[in-house]
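Residues per chain, in single letters:
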Amino acid sequence: MRGSTSSSVGEDAGVHGGPLMLDIGGDVGALVVYLPDSFAGTEIEIGWSDSDEPFTHTGVHPRGTGERLHQTAVYPELKTGDYQLWHPADASLLGPAVHVEGGAVTELNLLELAPELVSGQAEHGHHHGHGHGHGHSHNH
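Everything numeric in this text was worked out from a predicted model, so none of it was measured. (Residues numbered from 1 in each chain as written. Predicted model: local features only at pLDDT ≥ 70, side-chain atom pairs only at ≥ 80, totals over all residues. Heavy atoms only, no water.)

So, the sheet that holds strand β3 (residues 28–35)
Pairing within the open sheet is mixed, and its 7 strands lie in the order β8-β7-β4-β5-β6-β3-β9. Two strands in the sheet have a free side with no partner beyond their single neighbour: β8 (93–100) and β9 (105–109). Going from strand to strand, the sheet's axes swing by 35 degrees on average, the running direction of each strand aside. With 4 bridges joining them, strand β4 (residues 43–48) and strand β5 (residues 56–65) adopt antiparallel strand pairing. Within β5, the residue paired with Glu 45 across the bridge is His 57. (Pairing = 2+ DSSP bridges. Helix = DSSP H or I, 4+ residues; strand = E, 2+ residues; numbered from the N terminus. Axes fitted to C-alpha atoms, helices over the stretch in contact; angles between N-to-C directions.)

Quick notes on the confidence of the model for the protein chain
The pLDDT averaged across the protein chain works out to 76; a share of 67% of its residues lies at or above 70. Scored below 50 in pLDDT, residues 1–15 makes 33 contacts in the model with residues more than four places away or belonging to other chains. (pLDDT = per-residue confidence, 0-100. Contact = heavy atoms within 4.5 Å.)

Notes on the environment of Ser 51
If you trace the backbone, Ser 51 turns up in the loop between β4 and β5. Along the primary structure Ser 51 and Gln 84 are separated by 33 residues, whereas in three dimensions their C-alpha atoms are 8.6 Å apart. Here the side chain of Ser 51 touches Glu 53 through a polar contact of 3.1 Å, landing on its backbone nitrogen. (Polar contact = N/O pair within 3.5 Å; in protein donor to acceptor, adjacent residues only side chain to side chain.)

Overview of the nonpolar core
Within the largest apolar cluster, 18 residues are counted, with the highest numbers of intra-cluster contacts made by Leu 31, Val 33, Leu 35, Ile 44, Tyr 75 and Leu 85. Elements represented by at least two residues in this core include exactly β3, β4, β6 (68–79), β7 (81–86) and β8. Non-local contacts of Leu 35, meaning those with residues more than four positions away in its chain, are made with Ile 44, Val 60, Gln 71, Ala 73, Leu 94, Leu 110 and Leu 111. By size, the runner-up hydrophobic cluster in this structure holds 6 residues, among which are Leu 20, Ala 30, Val 32 and Val 74. (Core = buried A, V, L, I, M, F, W, Y, C linked by side-chain atoms within 4.5 Å. Buried < 20%, exposed > 50% of the residue type's maximum accessible area, 1.4 Å probe, protein only.)

As for the environment of Val 105
Positionally, Val 105 belongs in strand β9. Given a relative accessible area of 33%, Val 105 falls into the partly exposed group. As a C-alpha pair, Val 105 and Ala 30 span 75 residues in sequence and 4.7 Å in three-dimensional space.

Concerning the packing of aromatic side chains
Summed over all chains, the structure comprises 3 aromatic pairs. Taking the centre distance of 5.9 Å and the plane angle of 35 degrees together, the rings of Trp 48 and Phe 55 count as tilted. A relative accessible area of 33% places Trp 48 in the partly exposed class. In this structure Phe 55 comes out as partly exposed when scored by relative accessible area, which is 43%. An aromatic cluster is built from Trp 48, Phe 55 and Tyr 83, whose rings are joined through pairwise contacts. (Phe/Tyr/Trp six-rings, centres within 6.5 Å; stacked < 30°, edge-to-face > 60°.)

Quick look at the structure:
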């Protein structure tokens with residue numbers, strides 16, 4: 001779809017886990033962030049990388065195709081520039097600064113964040129799973 005003014009990854013960004021419709025082009029791009037399961041149901045704030053205040057946030061919901069579901073935050077309309085995410089638990093910086101280019105979808109994979117970076121979710125304690133399933137054993 002090079003040269004197109006919009007990128008359709010689906011039809012409805014309002015459905016959790018459903019397809020996305022991203023209206024990008026010119027100096028407007030989109031950012032899709034993949035996060036560890038401990039971020040499920042949180043909201044991730046985003047702002048310019050040279051600012052110490054976010055200007056918007058989005059919810060983290062499971063999305064994916066087939067058997068691969070990941071906790072995902074989608075920012076459907078961002079102007080070209082460098083952005084920074086903030087951790088929902090303590091407003092610390094989350095991951096590296098990321099560049100979003102107009103007319104493109106930028107993906108940021110934070111699935112391999114070290115466990116201490118997601119410790120804001122106290123109920124998860126020192127969970128060292130790798131996100132490859134639920135870790136439940138059914139040995140009888």
